[in-house]
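# Structural overview
As a plain string of letters, each chain reads:
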Amino acid sequence: MSGSQKRKNTASPAKYAIAAAVALLAGFGTVYWLSTPSDNRSAPPDRGERTPAPATGAANAGSSPLKGLNTGAMAAFVVRPQPADVPAFAFEGAGGVKQTASDLKGKVVLLNIWATWCVPCREEMPQLNTLQSELGGSDFEVVAINIDKGGPDKAKAFLAETGASDLTPYFDPTGKLFAQLKAVGMPTTLLLNADGQEMGRLVGPADWASPEAKAIIEAALGAARNGTP
């Protein structure tokens, strides 16, 4: 997290209680801040307080190949004990080409949900770009999907401004992805195995160019090569 001063959170306590309850029911103990991606005319607070997590991902990692790797810069990454199916979802690639969750199968994917009005998204985008440039290829891709409703040009400009030239622009003009993947904060990042199943997720910004992040990706790639979930 950067050292910039946090803005006063204007969301009601009831909203945060609901968001935290949803996160806990979904199996994720970390909530960064509540957002309202369905209406970009009124941006949510840039930051909020992280609610205490009742248990770390490492404590419930089971037999996951990622067990014990959520440390340091990845301490907030919640490892699933077993890979979990994700709901069907659709998005768009360059030129408005329609794609679905099935198109992501066959390689490990770091699926990042972001918006141009999200200050933490701006902070982590260069790190996601570094991760893609160093580890990206036929077996791994950072798939950063923008959920703005203002069209792709604004998102493309954002990627250019942040130096994310190695990230392919992806978009969700419907704004449904946030709810479909049970995201409770912005940004939210899911790690999917080659079968398109969720291995874990992280709510909030993170240093995706860190050694800890790369260790998690390498472990997921090793599991895919060995044919383990």
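For the structure, see preceding data.
To keep things clear, this report deals only with the structure shown in the data block. As the structure is a prediction and not an experimental result, all values here were calculated from the model.

### Description of the overall build of the chain
Counting its secondary structure elements, the chain contains five helices and eight strands. In sequence order, the chain lays out its α and β elements as α-β-β-β-β-α-β-α-β-α-β-β-α. In the chain, buried positions account for 48% of the 229 residues.

### Describing the environment of T130
Considering the arrangement of structural elements, one finds T130 in helix α2 (residues 119-135). Sequence separation between T130 and G163 is 33 residues, and the spatial gap between their C-alpha atoms is 9.7 Å.

### Considerations on the state of the cysteines
The final tally for this structure, using the stated rule, is one disulfide. With its sulfur 2.4 Å from that of its partner, C118 forms a disulfide with C121. Taking the torsion about the sulfur-sulfur bond, which here is approximately 80 degrees, the covalent link between C118 and C121 counts as right-handed. With a relative accessible area of 0%, C121 lands in the buried category.

### Quick look at the nonpolar core
Judged by nonpolar contacts, the single largest core of 55 residues is most densely connected at L191 and W208. With sequence-adjacent residues up to four places away left out, L191 is seen in contact with L66, F77, V108, V109, L110, Q197, E198, M199, G200, I216, I217 and A220.

### Looking at unusual backbone geometry
The amide bond that connects M186 to the next residue, P187, takes the cis arrangement and shows omega of 0 degrees. Looking at the element boundaries, P187 is found in the loop between α4 (177-180) and β7 (188-192).

### Some details on the packing of α2 against helix α5 (residues 211-226)
Contact pair α2 / α5: the axes reach a minimum separation of 11 Å and the direction vectors enclose 45 degrees. Looking at the two axes, α2 sits oblique to α5. For the pair α2 and α5, the sense of crossing is right-handed. In contact with L131, E134 and L135 of α2, α5 contributes K214, I217 and E218. In the contact of α2 with α5, the residues fall into three nonpolar, no polar and three charged.

### Quick word on the pattern of salt bridges
According to the stated counting rule, one finds seven salt bridges in the structure shown. E134 is the salt-bridge partner of K214, the closest N and O atoms lying 2.5 Å from each other. With K214 in helix α5 and E134 in helix α2, this pair connects stretches of sequence that are 80 residues apart. Judged by its relative accessible area of 23%, K214 is partly exposed. In this structure E134 comes out as partly exposed when scored by relative accessible area, which is 46%.

Rules used throughout
Residues numbered from 1 in each chain as written. Predicted model: local features only at pLDDT ≥ 70, side-chain atom pairs only at ≥ 80, totals over all residues. Heavy atoms only, no water. Helix = DSSP H or I, 4+ residues; strand = E, 2+ residues; numbered from the N terminus. Buried < 20%, exposed > 50% of the residue type's maximum accessible area, 1.4 Å probe, protein only. Disulfide = S-S within 2.5 Å. Core = buried A, V, L, I, M, F, W, Y, C linked by side-chain atoms within 4.5 Å. Contact = heavy atoms within 4.5 Å. Axes fitted to C-alpha atoms, helices over the stretch in contact; angles between N-to-C directions. Parallel < 35°, antiparallel > 145°, perpendicular 65-115°, else oblique. Left-handed = near helix turned anticlockwise from the far one by under 90°. Nonpolar A, V, L, I, M, F, W, Y, C, P; charged D, E, K, R; others polar. Salt bridge = Lys/Arg side-chain N within 4 Å of Asp/Glu carboxyl O.

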